[in-house]
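Results of the structural survey
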Amino acid sequence: MKLHTLKPAEGSIKSRKRIGRGQGSGRGGTSTRGHKGAKSRSGYKTKLGFEGGQMPLQRRIPKFGFKNLNRIEYKPINLNALEELAKAENLESITLETLINHGLVSRKDVVKVLGRGELTAKLNVSAHSFSASAIEAIEKVGGTVNKL
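Residue positions are given per chain, counted from 1 along the sequence in the order it is written. Only residues with pLDDT of at least 70 get local features here, since the model is predicted, and only at 80 or more are side-chain atom pairs given and counted; chain-wide, interface and lining totals rely on the full set of residues. With hydrogens and water set aside, each side-chain value is computed from the structure's full complement of heavy atoms.

Overview of the sheet that holds strand β2 (residues 93–94)
- Strand pairing is defined by DSSP finding a minimum of two bridges between the two strands. Helix and strand labels come from DSSP, where a helix needs a run of H or I of at least four residues and a strand needs a run of E of at least two; each type is numbered from the N terminus. Spatial strand order, β2-β4-β6: three strands in an open sheet with parallel pairing. Two strands in the sheet have a free side with no partner beyond their single neighbour: β2 and β6 (144–147).
- Pairing between strand β4 (residues 124–127) and β6: four bridges, direction parallel. Its bridge partner being in β6, Val125 is matched across the sheet by Val145.

With respect to the nonpolar core
- Counting residues in each nonpolar core, the largest one holds 19 residues, and the members touching the most others are Leu79, Leu82, Leu99, Val111, Val113, Leu123 and Val125.
- Secondary-structure elements contributing two or more residues to this core are α2 (79–89), α3 (96–101), β3 (110–114), β4 and α4 (132–140).
- In terms of residue count, the dominant contributor to this core is α2 (four residues).
- Throughout, a residue-residue contact means that at least one pair of heavy atoms, one from each residue, lies within 4.5 Å. Aside from chain neighbours lying at most four places away, what touches Val113 is Ile77, Leu79, Leu82, Val125, Ala127, Ser129, Phe130, Ser131 and Ala134. For our purposes a nonpolar core is just a set of buried Ala, Val, Leu, Ile, Met, Phe, Trp, Tyr and Cys residues, chained together by side-chain atoms within 4.5 Å. Per-residue accessibility, obtained with a 1.4 Å probe over protein chains only, is compared with the maximum for each type, and a residue is labelled buried under 20%, exposed over 50%, and partly exposed between these values.

Some points on the sheet that holds strand β1 (residues 74–78)
- Read across the sheet, three strands follow the order β1-β3-β5 without closing on themselves; strand pairing throughout is parallel. Edge positions in the open sheet fall to β1 and β5 (129–130), since each of these has one partner strand only.
- Note that β1 and β3 share five bridges and pair parallel. Along β3, the bridge assignment pairs Pro76 with Lys112.
- Here an angle of 0 to 180 degrees is reported between the N-to-C directions of two axes, which are lines fitted to C-alpha atoms, with helices fitted over the stretch in contact. Packing against the sheet, α2 makes contact with β1 and β3, and its axis sits at approximately 60° to β1.

Quick notes on the pattern of salt bridges
- Any Lys or Arg side-chain nitrogen found within 4 Å of a carboxyl oxygen on Asp or Glu counts as a salt bridge. Taken as a whole and judged by the stated rule, the model has four salt bridges.
- As a salt-bridge pair, Arg71 and Glu73 come within 3.0 Å of each other at their nearest N and O atoms. Both residues of the pair, Arg71 and Glu73, belong to the exposed class.

Some points on the UniProt feature "domain: Large ribosomal subunit protein uL15/eL18" (unreviewed entry) in the protein chain
- UniProt positions are given in the numbering used here, feature names are shortened, and annotations may be inferred rather than shown by experiment. UniProt annotation of "domain: Large ribosomal subunit protein uL15/eL18" (unreviewed entry) refers to residues 76–145 when read in the numbering used here.
- Regarding residues 76–145, the helix share stands at 37% and the strand share at 26%, and the terminal C-alpha atoms are separated by 16 Å.

A word on α2
- Of the residues making up α2, those classed as buried are Leu79, Leu82, Glu83, Leu85 and Ala86. Seen along its axis, α2 keeps its buried residues to an arc of 165°; they face one direction. Residues of α2 that are exposed and angled more than 90 degrees away from the buried face: Glu84, Lys87 and Ala88.
- Residues of α2 that are buried in the fold lie against β1, β2, α3, β3, β4 and α4.
- Phi turns positive, to about 55°, at Asn90, one or two residues after α2. The directions from the helix axis to the C-beta atoms are what the arc is built from.

Next up, the structure:
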């Protein structure tokens, strides 16, 4: 086998449909668009979701729910992440600045500490919010919780 003898598999290559190239091609004249009507004209485009006059799906289905304009999007940080950070850097207190400097959160994030994982180090943790299980775990090992 040599590179110049390679050929694609039989039937895998199909030539594209060339329309509007004269009557002899079999696809001249109306160029597969049929006679008259908006679809036969150039620049034809339907509205997104248009179903030919039938009531569109987004109008058939009832509205539900709402978007809370006052929703606060928290960035979750679990206890296991705090534990790893404290061990790696030998920290006794973890503040927002510490989390930002180590790339766990960005400056704009509102941080909530959650209670997944084991905490063995005695830490003073500062964040915007804490879950009940996180507060319990931090205070159990002798640490303190500081809400910002």
